[in-house]
Amino acid sequence: MTPIRSVAGYRTLLGVLAGLLLLSCLMSLGFGAAQVPLAKVLGIALQQLGVAGGGDWSLGQAQIVWQIRAPRVVLGALVGAGLALVGSALQAVTRNPLADPHLLGVSSGAALGAVVVVLYLGEFAGVFSLPLAAFVGALCSMLLVLTIASRHGRLESDRLLLAGVAVSFVLMAFANLLLYTGDQHAANSVMFWMLGGLGLAQWKLLWLPALCVLAGFVALLSLSRALNALMSGEQTAVSLGFNTRHVRWQVFVCTSLLTGVLVALSGAIGFVGLMLPHMARRLVGAEHRRLLPVSALLGALFVVWVDIAARTLIAPQDLPIGIATAAIGGAFFIVLLRRKV
Amino acid sequence: MSLLQINNLSWEPRQRQEQPWRLEGIDLQVEPGEFVGLIGPNGSGKTSLLRCAYRFNPPDTGTVHLSGEDIWQQTPRWVARRIAVMLQEFPQDFGLTVMDVVAMGRTPHQSWFAGDSAADLQLIETTLQQVGLTGKGNHSFASLSGGEKQRVLLARALVQQPDLLILDEPTNHLDPRFQLELLQHLRGAGPGVLASFHDLNLAAAFCDRLYVLDRGRIVASGTPADVLTEQRLEQVFGVHALVDTHPLAPHPRITWISPA
């Protein structure tokens with residue numbers, strides 16, 4: 001498949017993807033243990049947004065669609081968009097097509113934080129205890145990785161990736177040790193969180209990931225020329241007038257923070273940040289001003305649909321979304337690879 | 001005032017085991033519009049010296065001035081507006097097009113969020129034409145041959161519209177025809193050129209002046225006829241050679257005979 005090059009083609013693609021995303025979100029609101037037809041979903045959404053009046057749906061249906069499902073769908077879209085953005089930027093800045101948001105040790109730090117809270121601290125801040133602790137853990141591991149990787153204020157990609165992997169192993173070892181020696185019931189709940197899930201979503205909490213994803217998007221988009229240059233190499237980037245040291249720090253700090261927030265809210269959802277950027281590149285090429293918006297939209301679209309699968313495959317139970325992204329995403333990519341030949 | 005003025009520069013590789021020497025006591029000038037060549041055996045420090053000139057390697061001592069300004073007192077962007085570099089560094093195969101790669105050259109002239117203007121696109125188009133890549137703008141960079149990639153990178157350096165063009169082995173991978181076209185084009189293009197060369201006959205044919213680098217020191221400089229003598233080729237390159245005058249042009253011609 002040849003990537004889309006023309007301006008008009010690109011705009012059409014953005015429009016189509018945005019339309020698909022909106023439609024998918026609405027459809028997703030109807031799926032689940034209690035099915036709600038699309039027309040009613042649309043009516044409920046419009047009513048809740050204050051655009052239209054009531055209709056022939058029950059209060060219960062409106063509750064399920066708007067209070068339970070809608071925040072979950074929005075969080076899913078945000079997490080997907082955020083992870084895909086982080087993956088795109090990290091792959092460029094490390095010149096490594098296998099770079100992914102969890103590679104920098106953020107997820108294992110978050111896991112360790114979660115374990116400590118569940119096993120020892122208890123719910124010190126209500127439902128937010130776990131995400132809060134996970135974020136603190138993510139932050140600590142990020143600082144640890146950046147400290148280990150930087151030398152004389154200089155941050156080299158190879159060292160960063162290696163430091164991320166090493167720190168990941170050490171932190172995961174600690175987390176596993178605590179789980180192994182700790183209470184079985186608590187271990188289960190941590191395990192469940194690590195597999196990823198959107199169950200924590202509530203309207204009053206959504207502003208945080210929304211703000212972070214938006215800020216991350218703007219920040220990375222403003223760095224997109226630098227990302228193009230860094231993808232070509234260190235010397236090229238310098239010869240084009242970039243202070244590569246600053247750019248690297250900006251990208252790493254920005255992506256780590258964003259990943260930390262997302263992981264804290266939804267657990268370690270794999271695959272999205274690794275593979276969606278590659279799919280986006282197949283669609284529009286690697287130029288980051290074009291790539292980043294498409295990558296974010298594709299990531300959102302993907303997670304929304306995987307969430308639908310996760311809610312319906314073994315209904316009435318939820319499949320942890322991390323399992324679903326890995327299984328569906330992996331299989332999908334294998335098909336794609338085979339077709340390329 | 002010289003365009004590029006390097007005074008008493010020294011620079012030591014960060015990883016000492018990489019090279020047994022350091023750049024030392026380097027004095028080098030490039031005048032506006034002048035074509036200056038840098039020659040020397042493999043590992044003599046040509047690439048390191050060029051990196052010092054485009055603000056990649058910070059010198060340990062000595063200074064690098066561009067149009068009278070110390071480049072380390074200026075921002076990378078200031079330097080990138082005045083110096084373009086053609087490297088042997090190819091972009092990773094992430095699916096960049098020829099257009100994407102060449103358009104990067106406009107970066108130092110564009111403001112933060114601005115896209116490529118109509119003038120930028122026009123410039124890119126004519127430059128692609130100049131390097132013989134008309135109509136290849138939408139081709140994937142990775143699918144090009146080595147020579148075509150080299151030309152794309154040259155086009156990127158040219159759209160930067162620099163005062164000084166730094167080229168590291170610009171004629172590697174190129175067919176004879178394009179080697180000659182490229183160098184002829186550069187000679188008349190306007191910017192001063194500082195280029196390292198493997199092929200001493202090309203250096204002799206196109207350079208106004210040459211610097212000879214050996215184990216981190218400049219051991220000779222001057223016009224090709226002054227610099228390229230049989231004795232020096234034996235000393236520096238370790239090769240017996242016959243040097244006479246090119247039958248059709250006034251510059252020297254080198255015929256390699258045997259290792260010394």
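An unreviewed UniProt entry annotates chain B as ABC transporter ATP-binding protein originating from Pseudomonas fontis.

Student: Sorry, what's going on with the overall build of chain B here?
Tutor: Regarding its fold elements, chain B presents nine helices and twelve strands. Its C-alpha atoms give chain B a radius of gyration of 19 Å, near enough to 18 Å, the size a compact globule of 260 residues would have. Reported as C-alpha extents along the three principal axes, the dimensions of chain B are approximately 55 × 40 × 35 Å. Contacts in chain B between residues far apart in sequence, at least 24 positions, make up 63% of those at least 6 positions apart. Only carbon and sulfur atoms are counted for the fraction: they give 47% of the accessible area of chain B, which is about 11,400 Å². Computing the positive centroid from 21 side-chain charges and the negative centroid from 28, chain B places the two 3 Å apart.

Student: Just to check I follow, could you spell out the domain arrangement of chain B for this structure?
Tutor: One frequent convention defines the size of an interface as the accessible area lost when the parts assemble. All names here are of chain B. Each assigned domain of chain B is listed here: domain 1 (4–82 + 162–259) and domain 2 (93–161). The centre of domain 1, based on its C-alpha atoms, is set 25 Å off from the matching centre of domain 2. Between domain 1 and domain 2, the buried area comes to about 1,200 Å², and carbon and sulfur atoms account for 64% of it. When the buried area of domain 1 at its contact with domain 2 is split by residue, Pro-162, Phe-178 and His-185 rank highest and sum to 35% of it. Inspection of the region where domain 1 meets domain 2 yields zero salt bridges. The interface formed by domain 1 and domain 2 contains six residue pairs in polar contact (both at pLDDT 80 or more). Counting residues per element, the side of domain 1 that touches domain 2 draws most heavily on helix 6 (residues 176–188), which supplies four residues. Considering only residue class, the side of domain 1 that touches domain 2 consists of eight nonpolar, three polar and four charged.

Student: Looking at this structure, how should I read the interface of chain B and chain A?
Tutor: In this complex, chain B contributes 33 residues to the contact, which on the side of chain A involves 29 residues. Interface of chain B and chain A: buried area, both sides summed, is about 2,600 Å²; carbon and sulfur atoms make up 57% of it. The three residues of chain B that bury the most area against chain A are Phe56(B), Glu89(B) and Phe94(B), which together make up 27% of that side's buried surface. Between Asp100(B) and Arg290(A) there is a salt bridge, with the nearest N and O atoms lying 3.6 Å from each other. Our count for the contact surface shared by chain B and chain A stands at five residue pairs in polar contact (both at pLDDT 80 or more). Broken down by secondary-structure element, the contributors of at least two residues to the side of chain B that touches chain A are helix 2 (76–80) and strand 6 (83–86) of chain B. Ranked by the residues each element gives to the side of chain B that touches chain A, the list is headed by helix 2 of chain B, at three residues.

Student: Just checking my understanding: could you explain the sheet that holds strand 4 (residues 61–66) of chain B for this structure?
Tutor: Note on sheets: strands pair through backbone hydrogen bonds, and any given pair is parallel or antiparallel. All names here are of chain B. Reading across the sheet, the four strands line up as 2-1-4-5 and stay open at both edges, with antiparallel pairing between neighbours. Edge positions in the sheet fall to strand 2 (23–30) and strand 5 (69–70), since each of these pairs with one other strand and no more. The pairing of strand 4 with strand 5 spans two bridges and is classified as antiparallel. For Leu-66, the partnering residue across the bridge sits in strand 5 and is Glu-69.

Student: How should helix 6 of chain B be read in this particular structure?
Tutor: Think of an α-helix as turning once every 3.6 residues; residues three or four places apart then point the same way. Residues and elements named next belong to chain B. Taking 1.5 Å of rise per residue, 13 residues should cover 18 Å, and helix 6 covers 19 Å from first to last C-alpha, within 8% of that figure. Those residues of helix 6 not exposed but buried are Phe-178, Gln-179, Leu-182, Leu-183 and Leu-186. Each buried residue of helix 6 lies within a common arc of 130 degrees when the element is viewed along its axis, so the set occupies one face. In helix 6, the exposed residues that point more than 90 degrees away from the buried face are Pro-176, Arg-177, Gln-184 and Gly-188. In this fold, the buried residues of helix 6 make contact with strand 3 (35–39), helix 5 (146–159), strand 7 (164–168), strand 8 (192–196) and helix 7 (200–206). Looking one or two places after helix 6, you find Gly-190, whose phi comes out positive at around 115 degrees.

Student: Help me out: how do you make sense of the sheet that holds strand 3 of chain B in this one?
Tutor: All names here are of chain B. The six strands lie next to each other as 6-7-8-3-9-10, forming an open sheet whose pairing is mixed. Edge positions in the sheet fall to strand 6 and strand 10 (217–222), since each of these pairs with one other strand and no more. Averaged over neighbouring strand pairs, the angle between their axes works out to 15 degrees when direction is ignored. In the sheet, strand 9 (residues 209–214) pairs with strand 10 via five bridges, with the strands oriented antiparallel. Paired with Tyr-211 across the bridge in strand 10 is Ser-221. Packed on one face of the sheet, helix 1 (residues 46–53) meets strand 3, strand 6, strand 7, strand 8 and strand 9 and runs near 155 degrees to strand 7. Sheet contacts for helix 6: strand 3, strand 7 and strand 8; angle to strand 3, the most-contacted strand, approximately 130 degrees.

Student: Teacher, can you tell me more about the state of the cysteines here?
Tutor: Note on terminology: disulfide describes a covalent bond linking the sulfur atoms of two cysteines. For the coordinates displayed, the defined rule picks out zero disulfides over all chains. Here Cys254(A) is not disulfide-linked; the sulfur of Cys212(A) is the nearest cysteine sulfur, at 9.8 Å.

Student: Mind showing me how you'd approach the packing of helix 3 (residues 59–94) of chain A against helix 8 (residues 207–222) of chain A here?
Tutor: Helix-helix packing is characterised by the crossing angle of the two axes and by the distance between the axes. Residues and elements named next belong to chain A. Put simply, helix 3 and helix 8 touch, their axes get as near as 10 Å, and they point 30 degrees apart. Classified by the angle between their axes, helix 3 and helix 8 sit roughly parallel to one another. The way helix 3 lies across helix 8 gives a crossing that is left-handed. Residues Leu-75, Leu-78, Ala-81, Gly-82, Leu-85 and Ala-89 of helix 3 form the contact with helix 8, whose own contacting residues are Pro-209, Ala-210, Val-213, Phe-217 and Leu-220. Here the contact of helix 3 with helix 8 is built from residues that sort into ten nonpolar, one polar and no charged.

Student: What is the right way to look at the nonpolar core in this model?
Tutor: Considering soluble globular proteins, one finds that nonpolar side chains tend to be buried as a cluster. By size, the foremost hydrophobic cluster in this structure holds 160 residues, and its most contacted members are Trp193(A), Val294(A), Phe197(B) and Leu228(B). If one sorts the elements of this core by residue count, helix 3 of chain A sits on top with 18 residues. Excluding residues that lie within four positions of it along the chain, Phe197(B) makes contacts with Phe35(B), Gly37(B), Leu38(B), Ile39(B), Lys46(B), Glu169(B), Leu183(B), Leu202(B), Ala203(B) and Cys207(B).

Student: I'm lost on the confidence of the model for chain B in this one. Help?
Tutor: The predicted structure's coordinates, where accompanied by low pLDDT, should not be read in detail. For chain B, mean pLDDT is 89; residues scoring 70 or higher make up 96% of the total. Mean pLDDT per element in chain B: helix 6 of chain B is the minimum at 84, and strand 3 of chain B is the maximum at 95.

Student: Even after reading the chapter, I still don't get the side chain of Arg290(A), so can you show me in this structure?
Tutor: Structurally, Arg290(A) is set in helix 13 (residues 288–312). At 3.1 Å, the side chain of Arg290(A) forms a polar contact with the backbone oxygen of Val284(A). When near neighbours in sequence (up to four residues on either side) are disregarded, Arg290(A) contacts Arg5(A), Tyr10(A), Val284(A) and Asp100(B).

Student: Teacher, can you tell me more about the pairing of strand 7 of chain B here?
Tutor: One face of the sheet, then the other: side chains in a regular strand alternate in exactly this way. Residue and element names in this part refer to chain B. With five of five residues buried, strand 7 lies mostly within the body of the structure. Every second residue of strand 7 is oriented toward a common face, with Leu-164, Ile-166 and Asp-168 on one face and Leu-165 and Leu-167 on the other, all of them buried. Pairing geometry for strand 6 and strand 7, over four bridges, is parallel. Its bridge partner being in strand 7, Val-85 is matched across the sheet by Ile-166. With five bridges joining them, strand 7 and strand 8 adopt parallel strand pairing.

Student: Hey, could you run me through the pattern of salt bridges in this one?
Tutor: Think of it this way: side chains of opposite charge can pair up when their charged atoms draw near. For the structure shown, the criterion picks out 15 salt bridges over all chains. When salt bridges with common partners are traced through the structure, they connect Glu12(B), Arg22(B), Glu24(B) and Arg217(B) into a single cluster.

Criteria and cut-off values
- Residues numbered from 1 in each chain as written.
- Chains lettered and ligands numbered in written order.
- Predicted model: local features only at pLDDT ≥ 70, side-chain atom pairs only at ≥ 80, totals over all residues.
- Heavy atoms only, no water.
- Helix = DSSP H or I, 4+ residues; strand = E, 2+ residues; numbered from the N terminus.
- Rg over C-alpha atoms; globule rule 2.2 N^0.38 Å.
- Contact = heavy atoms within 4.5 Å.
- Areas by Shrake-Rupley, 256 points an atom, 1.4 Å probe, with all protein chains shown as cover.
- Lys, Arg positive; Asp, Glu negative; His and termini not counted.
- Charge placed at Lys NZ, Arg CZ, Asp CG, Glu CD.
- Domains from an automatic or database assignment.
- Buried area = accessible area lost by both parts, 1.4 Å probe.
- Salt bridge = Lys/Arg side-chain N within 4 Å of Asp/Glu carboxyl O.
- Polar contact = N/O pair within 3.5 Å; in protein donor to acceptor, adjacent residues only side chain to side chain.
- Nonpolar A, V, L, I, M, F, W, Y, C, P; charged D, E, K, R; others polar.
- Pairing = 2+ DSSP bridges.
- Expected span 1.5 Å × (residues − 1).
- Buried < 20%, exposed > 50% of the residue type's maximum accessible area, 1.4 Å probe, protein only.
- Arc of directions from axis to C-beta.
- Axes fitted to C-alpha atoms, helices over the stretch in contact; angles between N-to-C directions.
- Disulfide = S-S within 2.5 Å.
- Parallel < 35°, antiparallel > 145°, perpendicular 65-115°, else oblique.
- Left-handed = near helix turned anticlockwise from the far one by under 90°.
- Core = buried A, V, L, I, M, F, W, Y, C linked by side-chain atoms within 4.5 Å.
- pLDDT = per-residue confidence, 0-100.

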